[in-house]
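Tertiary structure, described
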Amino acid sequence: MSAWSILYRGPLSSCNYSCNYCPFAKTTNTRAELEDDARKLARFVAWVGGRSESIRVLFTPWGEALFHRSYQEAMVRLSHLPNVRRVAIQTNLSGPLDWLESCQREHVGLWATYHPTQTSRPRFLAQCQKLDRLGIRHSVGVVGFKEQFPEVLALRRELNPETYLWINATKHAPDYYSAQDLERFSAVDPLFTLNAVRHESQGKACRAGASAFSVDGDGAMRRCHFIKPLIGNIYEAGFESALRERPCTNETCGCHIGYVHLDVLNLYAVFGEGVMERIPATPIWQG
Ligand code: SF4
Ligand code: SF4
């Protein structure tokens, strides 16, 4: 049976960092909002536990979620469920990590982003080393600003050679990268050029909407984070009928969490079971 890959994004939107390039609206959550988010998260976790399908989950919060006990507990609980193949989360890795000891570790993955304007390299690397000691799979990434290239190189040099370092291309200005920039970033992340373009996707087959879909705190389903119309609700009977192959309706797809599902790119062959936490199945990088 093929696995469902579910991207969950609840209402939580607060973050302890304030990156000036943050794509999300940074807000402060009230205690009531956090409680509401935690309730919705617990409902989602219970729903996963009640399913018979094999499921991978990637939490893609608007802000930083791992500070909150509700997300730590959700990760632990999901990691122990027999039908959960992987539970992963996007995080800035600034929070406590000891709770990961309670997880079924082989089912957990972290997608950790380094934000050099918000933390120091030694502090971030210390967190990565803690993950190594705990035996938690993780990828590490940065935004590929040209002026940050020396910092990217230093991070690569000091990071565990076995850890994949991805670089997200900034797409704020066309032709931002010269051929030489593409070459030097690609020397660190061989998949960088794939991320540096928006892929023409309209009319093309994509797993998003079939075996991959996104879910919000109320259970509303979208085929992906980038196509807004709803296709169903996981808390309503018969929602499975919404899951079927259909061509992409957007002109392009430019974000890893989207185009990784685009059939023509064949990236499930590259990432295998590491598709949620963005770790290629076999090392394609030079540590
Ligand atoms: S860590 Fe992520 S969510 Fe938080 S401000 Fe930076 S980019 Fe935004
Ligand atoms: S190609 Fe991207 S935008 Fe289109 S359906 Fe797939 S994930 Fe969504």
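Structure's up top.
Described below are features of the structure shown in this document.

Calculation notes
- Residues numbered from 1 in each chain as written.
- Chains lettered and ligands numbered in written order.
- Predicted model: local features only at pLDDT ≥ 70, side-chain atom pairs only at ≥ 80, totals over all residues.
- Heavy atoms only, no water.
- Phe/Tyr/Trp six-rings, centres within 6.5 Å; stacked < 30°, edge-to-face > 60°.
- Helix = DSSP H or I, 4+ residues; strand = E, 2+ residues; numbered from the N terminus.
- Buried < 20%, exposed > 50% of the residue type's maximum accessible area, 1.4 Å probe, protein only.
- Lys NZ or Arg CZ within 6 Å of the ring centre and 35° of its normal.
- Near = heavy atom within 4 Å.
- 1 Å grid on protein atoms, 1.4 Å probe; cavity = no way out; pocket = protein on both sides within 12 Å on 5 of 7 lines; lining within 4 Å.
- Sits in = over half its atoms within 2 Å of the grid points.
- Pairing = 2+ DSSP bridges.
- Contact = heavy atoms within 4.5 Å.
- Axes fitted to C-alpha atoms, helices over the stretch in contact; angles between N-to-C directions.
- Core = buried A, V, L, I, M, F, W, Y, C linked by side-chain atoms within 4.5 Å.
- Salt bridge = Lys/Arg side-chain N within 4 Å of Asp/Glu carboxyl O.
- Points joined across faces, edges and corners; volume = space filled by probe spheres on them.
- Nonpolar A, V, L, I, M, F, W, Y, C, P; charged D, E, K, R; others polar.
- Expected span 1.5 Å × (residues − 1).
- Polar contact = N/O pair within 3.5 Å; in protein donor to acceptor, adjacent residues only side chain to side chain.

Moving on, we come to the packing of aromatic side chains. Within the structure shown, the criterion is met by 18 aromatic pairs. Measuring from ring centre to ring centre gives 5.6 Å for tryptophan 4 and phenylalanine 213, while their planes differ by 80 degrees; the resulting arrangement is edge-to-face. With tryptophan 4 in strand E1 (residues 4-9) and phenylalanine 213 in strand E9 (residues 212-216), the pair connects residues that are 209 residues apart, well separated along the chain. Accessibility assignment for this pair places tryptophan 4 and phenylalanine 213 in one class, buried. Geometrically, the ring pair formed by tyrosine 8 and phenylalanine 59 is edge-to-face, given 5.7 Å between the ring centres and 85 degrees between the ring planes. A residue pair is termed long-range when its members are at least 10 positions apart, and tyrosine 8 in strand E1 and phenylalanine 59 in strand E2 (residues 55-59) qualify at 51 residues. Exposure class is identical for tyrosine 8 and phenylalanine 59. Each is buried. A network of ring pairs unites the aromatic residues Trp4, Tyr8, Phe44, Trp47, Phe59, Tyr71, Phe213 and Phe239 as a single cluster. Seen from the ring of tryptophan 62, arginine 9 lies directly overhead, with NZ or CZ sitting 4.1 Å from the centre.

Before going further, it helps to examine the site of ligand 2. Lining the immediate surroundings of ligand 2 are Ser201, Cys206, Ala208, Arg223, Cys224, Ile227, Cys248, Asn250, Cys253, Gly258 and Leu262. Mapping ligand 2 onto the cavity grids shows that it belongs to the largest cavity.

What follows covers the sheet that holds strand E3 (residues 84-91). Strands sit in the order E6-E5-E4-E3-E2-E1-E9-E10-E11 across an open sheet of nine strands; the sheet is mixed. With one partner strand each, in any of the chains shown, strand E6 (165-168) and strand E11 (232-233) form the two edges of the open sheet. Strand direction decides the pairing type here: E9 and strand E10 (residues 220-222), joined by two bridges, are antiparallel. Paired with serine 214 across the strands is arginine 222, a residue of E10. Of the strands in this sheet, E1, E2, E3 and strand E4 (108-113) are in contact with helix H2 (residues 69-80), which crosses E3 at around 160 degrees. With respect to the sheet, helix H3 (residues 121-134) is in contact with E4 and strand E5 (137-143), its orientation differing from that of E5 by roughly 160 degrees.

Here we take up the nonpolar core. Counting 59 residues, the largest nonpolar core has Phe44, Phe59, Tyr71, Met75, Leu100 and Leu110 as its most contacted members. With residues up to four places along the chain from it excluded, the contact list for phenylalanine 44 reads Ile6, Tyr8, Val57, Phe59, Val215, Ile234 and Tyr235. Membership of the second largest hydrophobic core comes to 23 residues, among which are Leu58, Cys206, Val260 and Leu267.

Moving on, we come to the pattern of salt bridges. With the rule as written, the count across this model stands at 14 salt bridges. Arginine 222 serves as the salt-bridge partner of aspartate 216, at 3.7 Å between the closest nitrogen and oxygen. Residue aspartate 216 is classed as partly exposed on the basis of its relative accessible area of 21%. Three or more residues joined by partner-sharing salt bridges are found here, namely Asp36, Arg39, Lys40 and Asp218.

It is worth spelling out empty space enclosed by the protein at this point. A probe as big as a water molecule, rolled over the atoms, marks out the empty space that is left. The full count for this structure, using the stated rule, is four cavities of 30 Å³ or more. Lining of the largest cavity is provided by 14 residues; of these, Cys206, Cys224, Ile227, Cys248 and Cys253 occupy positions nearest its centre. Those elements giving two or more residues to the lining of the largest cavity turn out to be strand E13 (252-253) and helix H7 (256-259). Its residues assigned to classes, the lining of the largest cavity comprises nine nonpolar, four polar and one charged.

We now examine the site of ligand 1. As a structural note, the neighbourhood of ligand 1 is formed by 10 residues, with Cys15, Tyr17, Cys19, Cys22 and His115 the closest of them. Counting atoms within 2 Å of the grid points, the majority share of ligand 1 lands in the largest pocket. In terms of residue class, the shell around ligand 1 is made up of five nonpolar, four polar and one charged.

Right, let's talk about H3 for a bit. Under the 1.5 Å per step criterion, the end-to-end length of H3 is 20 Å for 14 residues, consistent within 8% with the ideal 20 Å. What H3 keeps buried is the set Phe124, Leu125, Gln127, Cys128, Leu131 and Leu134. Contacts from the buried residues of H3 go to E4, E5 and helix H4 (149-158). By the N-cap criterion, in which a side-chain oxygen at the helix start approaches the backbone nitrogen of a residue two or three places on, H3 is capped by serine 120, the distance to arginine 123 being 3.2 Å. Positive backbone phi, approximately 75 degrees, marks glycine 135, located one or two places after H3.

Honestly, it's all geometry; don't read function into it.
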